[in-house]
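Summary of structural features
Residue strings, one per chain:
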Amino acid sequence: MTEFLAPALDGADFSDRVEANGLELAYEQFGRDEDPVLLLIMGLGTQLTGWPDAFCRALADTGLRVIRFDNRDIGLSSQLGSRGPRYDGARSAFIKSLLGRRIRTAYTLDDMAADTVALMDALGIEQAHLVGASMGGMIAQLVAGHYPQRVLTLTSIMSTSGARRLPRGRLKVLLRLAKAPKNKDPDTVARHMAKTMRMIGSPDYGRTLEDWTSEIRRNVKRSYRPAGTRRQMLAVMAAPSRVEMLGQITQPALVIHGKADPLLPVKNGRDTARHLPNVRYEEVEGMGHDLPPRLLPLFVEWIAELVHGDSDAGTVDSLQAD
């Protein structure tokens, strides 16, 4: 199988910007304007470059207008800073989440879903196929649930329904995510984040520490906003369960989840698929919480089958509750 090993952007700003939902959102496009739109929504603290160039081009080559963008507070999109109401710190929010108490946030995942729809409005897009990874999968679910007329298909990758009974990430991983780099020097930040990605990434398809460091260094040069990541994390932690909403999403859906995911264990993917009425579920052996280059051609194939109407979507009655 061919691997997608094209590097991320080298720090130059090739992104366009558009006003959406009172913010400025940075985005990039692959493919022809006249083709159906596939909108890529990235996860926590990750820039649009988290979707590899070669992956986007391969999807565009199937006859799609592929758009990737920086979520609010990340990359080259608007940074929220200290605007808005006071919000909790990460430690306080984590304790509150364990106790089931309300977490004070700068904004919510619903706000980020509204950003996505506003981006579509600004670009003159009436309907789109949505693909979301991790937090981006949560946002894509919300768009499909709250704005069903705008969504043609839904693909949720390494994400969750948000059901409270689902297992959390491994303690060692959560502690690592809460740890900050020693300083903001790009090389220090890149090495720190690379070690984190090696911990949560795919054991059977993983990149080397050097691969991760090189890729992350390029992205850090483009933008580095740890405060934005923390605010996004609060939005994730405060989000209510989407289980009831998922049951109302009738568009064809695809759920992809790694069996070796240490951040959102595989039961999260199974649960998401179980509650979608019209879904194809793909569980990948040896995949962690990343997008391994060796697997991306397979993901392109699955997504193309879904959006072009060739997928075998149906129920997932075969998935067990455990």
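Here, the structure is the one placed above.
My aim in this report is to walk through the structure given alongside it, one point at a time.

Conventions adopted
- Residues numbered from 1 in each chain as written.
- Predicted model: local features only at pLDDT ≥ 70, side-chain atom pairs only at ≥ 80, totals over all residues.
- Heavy atoms only, no water.
- Pairing = 2+ DSSP bridges.
- Helix = DSSP H or I, 4+ residues; strand = E, 2+ residues; numbered from the N terminus.
- Axes fitted to C-alpha atoms, helices over the stretch in contact; angles between N-to-C directions.
- Contact = heavy atoms within 4.5 Å.
- Buried < 20%, exposed > 50% of the residue type's maximum accessible area, 1.4 Å probe, protein only.
- Polar contact = N/O pair within 3.5 Å; in protein donor to acceptor, adjacent residues only side chain to side chain.
- Core = buried A, V, L, I, M, F, W, Y, C linked by side-chain atoms within 4.5 Å.
- Parallel < 35°, antiparallel > 145°, perpendicular 65-115°, else oblique.
- Left-handed = near helix turned anticlockwise from the far one by under 90°.
- Nonpolar A, V, L, I, M, F, W, Y, C, P; charged D, E, K, R; others polar.

Describing the sheet that holds strand 2 (residues 23-30)
- Taken in spatial order, the 8 strands make up an open sheet running 1-2-4-3-5-6-7-8, and their pairing is mixed. Because the sheet does not close on itself, it has two edges, and the strands there are strand 1 (16-20) and strand 8 (279-284). Pairwise comparison of adjacent strand axes, ignoring direction, gives a mean angle of 25° for this sheet.
- Relative to strand 6 (residues 151-157), strand 5 (residues 128-133) runs parallel, the two being bridged by 6 bridges. Note on strand 6: the bridge partner recorded for Ala133 is Ile157.
- Along the sheet, helix 4 (residues 135-146) makes contact with strand 3 (37-41), strand 5 and strand 6, crossing strand 5 at roughly 145°.
- Contacts between helix 11 (residues 296-307) and the sheet are confined to strand 3, strand 5, strand 6, strand 7 (253-258) and strand 8, with strand 7 contributing the most and set at about 165° to the helix.

Some remarks on the side chain of Asp271
- Relative to the helices and strands, Asp271 is located in helix 10 (residues 266-275).
- You can call Asp271 buried: its relative accessible area is 0%.
- Polar side-chain contacts of Asp271 include one of 2.6 Å to the side chain of Arg165.
- With residues up to four places along the chain from it excluded, the contact list for Asp271 reads Ser161, Ala163, Arg165, Leu166 and Val243.

What about the nonpolar core?
- In this structure, Leu39, Leu109, Ile139 and Leu276 are the most contacted members of the largest nonpolar core, which totals 46 residues.
- When neighbours within four sequence positions are excluded, Leu276 is seen to be in contact with Leu154, Leu246, Ile249, Ala253 and Val255.
- Within the second largest apolar cluster, 30 residues are counted, among which are Phe55, Val131, Ala133 and Trp302.

Quick look at the packing of helix 1 (residues 53-60) against helix 11
- Contact geometry for helix 1 and helix 11: axes closest at 10 Å, N-to-C directions at 30°. In terms of orientation, helix 1 and helix 11 fall into the roughly parallel class. Helix 1 and helix 11 meet at a crossing whose hand is right-handed. Residue-level inspection shows Phe55, Ala58 and Leu59 of helix 1 in contact with helix 11, the latter providing Leu296, Phe299, Val300 and Ile303.
- Of the residues that constitute the contact of helix 1 with helix 11, the class distribution is 7 nonpolar, no polar and no charged.

Observations regarding unusual backbone geometry
- Backbone geometry places Asn21, a non-glycine residue, at a positive phi of 55°.
- Among the structural elements, Asn21 can be located in the loop between strand 1 and strand 2.
- For Asp73, which is not a glycine, the phi torsion comes out positive at approximately 80°.
- Looking at where Asp73 falls in the secondary structure, it is placed in the loop between strand 4 (65-69) and helix 2 (90-99).
- For Asp73, a relative accessible area of 0% gives the class buried.

Description of the environment of Val243
- Residue position: Val243 is located in helix 9 (residues 243-246).
- Spatially, the C-alpha atom of Val243 lies 9.4 Å from that of Arg274, the residues being 31 residues apart in sequence.
- Non-local contacts of Val243, meaning those with residues more than four positions away in its chain, are made with Ser161, Ala163, Asp271 and His275.

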